[in-house]
Amino acid sequence: MKEKIIVKNLVKVFGANPQKALALLKEGKDKAEILNETGFTVGVNNVSFSVNAGEIFVIMGLSGSGKSTILRCLNRLIEPSAGEIIVDGTDITKLNAKQLRKFRQEKTAMVFQQFALLPHRTVLDNTVYGLEVQGIPKKEREEKALKILEIVGLKGWEDKYPSQLSGGMKQRVGLARALTNDADILLMDEAFSALDPLIREEMQDELLSLQQKMNKTIIFITHDLNEALKLGDRIAFLRDGALIQVGTPEEITTHPSDDYVAKFVRGVDRSKILTAADIMKKPQPLIPLRDGPNVALRIMKEHGISSVFVVDRERHLQGIITVDAALEARKAGIMSLSEVELEHGPVVSEETPLHDTLTAMVDSKLPMGVVNQDNKLVGIIVRGSILAALAPDYSGSDSEDELAATASPDHKLVFAEEEMEQESANSAI
Amino acid sequence: MTKIPMAEAIDKVVKWLQINFGESIDAFSDSFGDLIKYLESYLAFIPWWLLILLFALAAWRVSGWKLAVGTILGLAFIFNLQLWPAFLSTLVLVFISALVSIVMGIPLGIIAGRNYRFHRIISPVLDFMQTMPSFVYLIPALLFLGIGTVPAVFATVIFAMPPAIRFTDLGIRQVPVDLVEVGEAFGSTPGQLLWKIQLPVALPTIMAGINQTMMLSLSMVVIASMIGAGGLGAGVLEAIAQLKIGMGFEYGIAVVIIAIILDRLTQGIGSSLRTGDK
């Protein structure tokens, strides 16, 4: 993946003359010592990371940890004291005032915690602000803004003033203003923190679905771990201006790098982070619809199980056949499963949170099928795997080769089907 | 202990200014005086009832019918007291002084609001201008410009300008940080930041400053009658000199009426800006 933003050894010292503090930092003194000796506050302490194009990179930390400072260094609303910030190959810390304006106009757009809408402007006039300062003609910029306003669900509100909107709608305007600018990079400073919980979740979902269409590079600041886990492709943990850990939500929750992060993630409800795809097993054994009850019984016997998933040629889930049903069918002399009335267990999609699979599981004795968008069976979940996932030392879904198997399941299935065909030929006595 | 010769030093400076710049100051004073005279005579051309109606219309637009009715009653009362000519010249003096104060004060306030060092320099100067007894300004005004309306305007501007500067400064400083950040984050030039964000957001506060400037202008214009400014103030002064209580009261009431009308008018403009919907 292409690295969009590279931050190298970023330091921000607040104070009139940061040179002394910088020298002390190089000697390895910590934040408190420097504050004592020089009276300067170290806001960001030697932070390096990189953000890939098209990912949501969450910077997570408590208030005062320097997360907002880092964000503001990325478009130089705050001047870094030292270090490099390379965006698309250009070190933006070296830009002059005019170049910096151009960079801000074209590459970045920002969404603010308290919405920061201009009170004297209507929704539409707020939304066009970024294009207005670039000198885009009025008609063109308003057309563009109206399109974006429709996308964020504010059609019909163009002529209202910010004071007439609810918090959620205000932040939609904030988002629309940032999107209208059509910049590659979205800087979101605790964008949803000021919203009440229901609206916040709604906005998070909306951001995720927007991101699927727009594929921006998003730097998202938050102090809310659940938000970080939900939105982040990767999460950077910050404490006292220093970076402690960078990783995917799963890495962070399963392998916290130190006690600080561990303490943070301890309270996390794992059933909300892990999805069906994380805990499912590869869909084996399966049985094609055209096979008979004899084959089904033999497969169950081989694997020591009491039911097996039945699929058609395209691997669409048809149902489940149990031992009892298979025995009865054999007694009745039925030759193909397509003539048997199959049972139906719970079915969930790959993205279903573990939490919701639990509820579905409670009402059924049968194993659960996991299907993808095309309704193909991609995995199965049994009670044991849910319980294992909720256990505290759970790490990762399957072993690596099995993960590889789910990565290209179609190939695997063709192979499995051939195998089954052979076996059914052999067992046709 | 010897006294520090402060008074002597100031006298010397004033004298030096007078000798070196006297002529040009006189020329400026004359033309400015002519301008005021013209304005006054043009205003006198407008029939009294038309002027009252114009004021009432403005009052109705910015505030409502109550202020409009009050304006008509108040101004008709002044006309009835036969103070119309004095009212007109006071009005002209107030407007010109306020205008000069605002035209000079708002840009200074903008600089102070955006530049902390200038803010630090100008603050004590403003304190000085506002707390110095207003009569003291009459003396240099008198010396440089003689007796008449021009020195009155000069003294009034010095007295009335500080609120315009201060409120503009304050208004710009009070623009929420994140709104300024919006301007910068979207790549505005400093000029765009000022015109599109800082000034519009600060406008209600600036209007409050303009209101204050208007009020101070009015009060100073009355005092400036001591150095020859005409109008209602001259009437008050005459009443004091001759101990005519009734006459003093009539003139005084007229000043109060003007003050209330100007105050409500400028406040009305300010609050209609504050609500945001135009």
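Shown above is the structure to which this text applies.
The structure reproduced in this document is the subject of the present report. Within each chain, residue numbers correspond to sequence positions counted from 1 in written order. For this description, chains carry letters from A and ligands carry numbers from 1, given in the order in which they are written. Since the coordinates come from a predicted model, pLDDT governs what is reported: local features require at least 70, and pairs of side-chain atoms require 80 or more to be given and counted, while whole-chain, interface and lining totals use all residues. Remark: hydrogens and water are excluded; side-chain values derive from all non-hydrogen atoms of the structure.

**Some points on the overall build of chain A**
No. 1: Note on conventions: DSSP H or I runs of at least 4 residues are helices, E runs of at least 2 residues are strands, and numbering of each starts at the N terminus. Along its length, chain A carries 20 helices and 16 strands.
No. 2: Summary of the burial criterion: residues with accessible area below 20% of their type's maximum are buried, those above 50% are exposed, and those between are partly exposed, where the area comes from a 1.4 Å probe applied to protein chains only. Burial statistics for chain A: of 429 residues in total, 50% are counted as buried.
No. 3: Put simply, of all contacts in chain A between residues at least 6 apart along the chain, 66% involve residues at least 24 apart.
No. 4: Of the roughly 20500 Å² of accessible surface on chain A, 50% is carried by carbon and sulfur atoms. Contacts are residue-level and defined by heavy atoms, with any inter-residue pair within 4.5 Å sufficient. For the area figures, the Shrake-Rupley method with a 1.4 Å probe applies, and any residue is considered shielded solely by the protein chains shown.

**Concerning the pattern of salt bridges**
No. 1: Here, a salt bridge means any side-chain nitrogen of Lys or Arg that lies within 4 Å of a carboxyl oxygen of Asp or Glu. Enumeration over the complete set of coordinates arrives at 26 salt bridges over all chains.
No. 2: Two residues, R76 of chain A and E79 of chain A, come together in a salt bridge whose shortest N-O distance is 3.1 Å.
No. 3: Take R76 of chain A: its relative accessible area is 10%, and that puts it in the buried class.
No. 4: Relative accessible area serves as the criterion here: at 38%, E79 of chain A is assigned to the partly exposed category.
No. 5: A salt bridge links D127 of chain B to R166 of chain B; the shortest N-O distance between them is 2.6 Å. Taken as a pair, D127 of chain B in helix α5 (residues 116-131) and R166 of chain B in helix α7 (residues 149-173) lie far apart in primary sequence, 39 residues in all.

**Concerning the environment of F309 of chain A**
Residues and elements named next belong to chain A.
No. 1: Tracing the backbone shows F309 in strand β12 (residues 307-311).
No. 2: Residue classification places F309 among the buried positions, given a relative accessible area of 3%.
No. 3: Taking the C-alpha atoms as reference, F309 lies 8.9 Å from I380; in sequence the two are 71 residues apart.
No. 4: If we ignore the near neighbours within four places in the chain, the residues touching F309 are P285, L286, I287, L317, G319, I320, P367, M368, G369, L377 and I380.

**Observations regarding the layout of surface pockets**
Residue and element names in this part refer to chain B.
No. 1: Put plainly, a pocket is an open set of points on a 1 Å grid over the protein atoms alone with protein on both sides within 12 Å along at least five of seven lines, a cavity is a set where a 1.4 Å probe fits but cannot get out, and a lining residue has an atom within 4 Å of a point. Grid points are joined across faces, edges and corners, and a volume is the space filled by probe spheres set on the points. The volume enclosed by the second largest pocket comes to roughly 470 Å³.
No. 2: Lining the second largest pocket we find 17 residues, and of these I10, V14, V136, I139 and P140 sit closest to its centre.
No. 3: Only α1 (6-45), α6 (134-145) and α7 provide two or more residues apiece to the lining of the second largest pocket.
No. 4: Considering every element that reaches the lining of the second largest pocket, the biggest residue donor is α1, with seven residues.
No. 5: Side-chain classes follow a simple rule in which Ala, Val, Leu, Ile, Met, Phe, Trp, Tyr, Cys and Pro form the nonpolar group, Asp, Glu, Lys and Arg form the charged group, and the remainder, Gly included, forms the polar group. Here the lining of the second largest pocket is built from residues that sort into 16 nonpolar, no polar and one charged.

**Let's talk about the interface of chain B and chain A**
Bring the parts together and some accessible area is lost; that lost area is often taken as the interface size.
No. 1: Taken together, the contact pairs 20 residues of chain B with 25 residues of chain A.
No. 2: Buried area is understood as the total, over both parts, of accessible area removed when two parts are fitted together, assessed with a 1.4 Å probe. Each partner contributes to the roughly 2000 Å² buried at the junction of chain B and chain A, and carbon and sulfur atoms together form 61% of this total.
No. 3: Among the residues of chain B in contact with chain A, A185, F186 and K196 of chain B are the three that bury the most area, contributing 34% of the side total.
No. 4: The interface formed by chain B and chain A includes two salt bridges.
No. 5: A salt bridge links R72 of chain A to E181 of chain B, with the shortest nitrogen-to-oxygen separation between them at 2.7 Å.

**Side note on a nonpolar patch on the surface**
All names here are of chain B.
No. 1: A patch consists of residues exposed above 30% relative accessible area that lack any salt bridge, with like charges linked at up to 9 Å and nonpolar side chains (Val, Leu, Ile, Met, Phe, Trp, Tyr) linked at up to 5 Å. Side chains of W48, W49, L50, L53, L54 and I72 sit close together on the surface and give an oily, nonpolar patch of about 550 Å² of accessible area.
No. 2: With five residues, the single largest contributor to the nonpolar patch is helix α2 (residues 48-62).
No. 3: Mapped onto the fold, L50 is located in helix α2.

**Quick notes on the sheet that holds β12 of chain A**
Sheet strands pair by backbone hydrogen bonding; their relative direction is either parallel or antiparallel.
Residue and element names in this part refer to chain A.
No. 1: Paired strands, as defined in this entry, are two strands with at least two bridges between them according to DSSP. Within the open sheet, the three strands sit side by side as β11-β12-β13. Their pairing is mixed. In the strand order of this sheet, the two ends are held by β11 (286-288) and β13 (317-322), each with one partner. Strand after strand, the sheet turns through a mean of 35 degrees between neighbouring axes, direction not considered.
No. 2: Inspection of the sheet shows β11 paired to β12 by three bridges, in the parallel sense. Bridge pairing in β12 places L286 opposite F309. Only the stretch in contact is used when fitting a helix axis, every axis being a line fitted to C-alpha atoms; angles between N-to-C directions are given from 0 to 180 degrees.

**Some thoughts on the sheet that holds strand β16 (residues 377-381) of chain A**
All names here are of chain A.
No. 1: An order of β14-β15-β16 is seen for the three strands of this open sheet, with the pairing classed as mixed. Unpaired on one side and paired on the other, β14 (347-349) and β16 mark the two borders of the sheet. Here the average twist between neighbouring strands, direction ignored, is 30 degrees.
No. 2: Looking at chain direction, β14 and strand β15 (residues 368-371) are connected through three bridges and run parallel. In the sheet register, S349 faces β15, and the bridge partner there is V371.

**A look at the environment of P80 of chain A**
Residues and elements named next belong to chain A.
No. 1: Mapped onto the elements, P80 comes out in the loop between α3 (67-74) and β4 (82-87).
No. 2: In this structure, the C-alpha to C-alpha distance between P80 and V44, residues 36 residues apart in sequence, is 8.8 Å.
No. 3: With residues near it in sequence (within four places) discarded, P80 still touches L10, V11, K12, C73, I85 and T93.

**Structural notes on empty space enclosed by the protein**
Residues and elements named next belong to chain A.
No. 1: According to the stated counting rule, one finds two cavities of 30 Å³ or more in the structure shown.
No. 2: If you add up the space inside the second largest cavity, you get close to 40 Å³.
No. 3: Contributing to the lining of the second largest cavity are L175, L179, L186, L207, L210, Q211, M214, K216 and I218.
No. 4: Of all the elements in the fold, those that place two or more residues in the lining of the second largest cavity are α8 (167-180) and α9 (197-214).
No. 5: Among the residues making up the lining of the second largest cavity, the classes are represented as seven nonpolar, one polar and one charged.

These results come straight from atomic positions and should not be treated as a statement about function.
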